[in-house]
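Results of the structural survey
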Amino acid sequence: IWTANYFGGVNKYSAEKIVNYFASDYVDEGLIPMDNVLKVFVDKDTAVWIATNEGVSKYKNGDISNYGDGFENYLTSNRIDAIYGDRKGNMWFGPINDGLNLLAADGTFTHFSYDRNNPSGVHDPSITCMVEDLSGDILFGGRKNGLSKYSYETGKFETFQESNINKEITLADNRVNDMEIDSKG
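Residues numbered from 1 in each chain as written. Predicted model: local features only at pLDDT ≥ 70, side-chain atom pairs only at ≥ 80, totals over all residues. Heavy atoms only, no water.

Here we come to the overall build of the protein. When you go through the protein residue by residue, the secondary structure sums to one helix and 15 strands. Per-residue burial over the protein gives 48% buried out of 185 residues. Carbon and sulfur atoms make up 44% of the accessible area of the protein, which amounts to about 10100 Å² in all. (Helix = DSSP H or I, 4+ residues; strand = E, 2+ residues; numbered from the N terminus. Buried < 20%, exposed > 50% of the residue type's maximum accessible area, 1.4 Å probe, protein only. Areas by Shrake-Rupley, 256 points an atom, 1.4 Å probe, with all protein chains shown as cover.)

Here it is in structure tokens:
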């Protein structure tokens, strides 16, 4: 079990002990951007992704790679509120107030900007949570504008909101804090 700590880096808990990783000594050595950790995610290849206010770090087999607007591997913003790894091996990042970033399994970045006038685009400037449904589509919850679904097949987003006209699916509220997929999808 990995924990993201507001100050103090990341802890790894096992039945025997708790080990502190990536605290201030890692910041001082320049290994991670900062020890204020907002999110932690373990991908399908057991790499640990660490989101801070100053970028994202990937920890795998003792090696650390950094991603952010000040690094060679860049994100559109350093503050990441959501991280998700899909079954294809792609990593999705939801930076605060800056749409979405996709790091494809082949190492290429795609940036999806928020545009309220584009009904097939990112629905919210701040993505709070992500999950993959059973068909492989990625769902994104937003801070203000509801839920959207990204289809790899079409390359487009579909939005679901509190007041969807002519849609079967509507939300109780447009602020989506978290979501999980159950066994029925």
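Turning our attention to the environment of G146. Looking at the secondary structure, you find G146 in the loop between β13 (138-142) and β14 (147-151). Here G146 falls in the buried class, since its relative accessible area comes to 0%. Considered as a pair, G146 and A172 are 26 residues apart in the sequence and their alpha carbons are 9.3 Å apart.

The next thing to look at is the pairing of strand β4 (residues 37-42). By the bridge criterion, five bridges tie β4 to strand β5 (residues 48-52) in an arrangement that is antiparallel. Directly across from V40, in β5, lies its bridge partner I50. (Pairing = 2+ DSSP bridges.)

Turning to the nonpolar core, a few remarks are in order. Among the nonpolar cores identified, the biggest contains 26 residues, and W49, W92, F93, L100 and F140 are the most heavily contacted of them. Per element, the largest residue contribution to this core is four residues, and it comes from strand β8 (residues 80-85). Apart from the residues within four sequence positions on either side, L100 is in contact with W92, F93, G94, P95, T110, H111, F112, V122, I127, M130, F140 and F157. Formed by seven residues, the second largest nonpolar core is a distinct cluster that contains V131, L139, L147 and M179. (Core = buried A, V, L, I, M, F, W, Y, C linked by side-chain atoms within 4.5 Å. Contact = heavy atoms within 4.5 Å.)

Glancing now at the pattern of salt bridges. Counted according to the given criterion, the structure contains three salt bridges. Salt-bridge contacts for D81 lead to R79; the nearest nitrogen and oxygen are separated by 3.3 Å. Ionic pairing is found between D81 and R143, a salt bridge with its closest N-O pair at 2.4 Å. With D81 in strand β8 and R143 in the loop between β13 and β14, this residue pair connects regions lying 62 residues apart in the sequence. Given the relative accessible area of 37%, R143 is considered partly exposed. (Salt bridge = Lys/Arg side-chain N within 4 Å of Asp/Glu carboxyl O.)

Moving on to the sheet that holds strand β12 (residues 127-132). Pairing within the open sheet is antiparallel, and its four strands lie in the order β12-β13-β14-β15. This sheet does not close on itself; its edge strands, each paired only once, are β12 and β15 (156-160). Neighbour-to-neighbour, the strand axes of this sheet turn through a mean angle of 25 degrees, independent of strand direction. As defined by bridge partners, β12 adjoins β13 across five bridges and the pair is classed as antiparallel. Across the sheet, the residue bridging to V131 is L139, located in β13. (Axes fitted to C-alpha atoms, helices over the stretch in contact; angles between N-to-C directions.)

A few words on the side chain of D124. For D124, the position within the fold is in the loop between β11 (109-112) and β12. K144 provides the closest opposite charge to the buried, unpaired D124, separated from it by 6.0 Å. A distance of 2.9 Å separates a polar atom in the side chain of D124 from the backbone nitrogen of S126. At 3.3 Å, the side chain of D124 forms a polar contact with the backbone nitrogen of R143. (Lys, Arg positive; Asp, Glu negative; His and termini not counted. Polar contact = N/O pair within 3.5 Å; in protein donor to acceptor, adjacent residues only side chain to side chain.)

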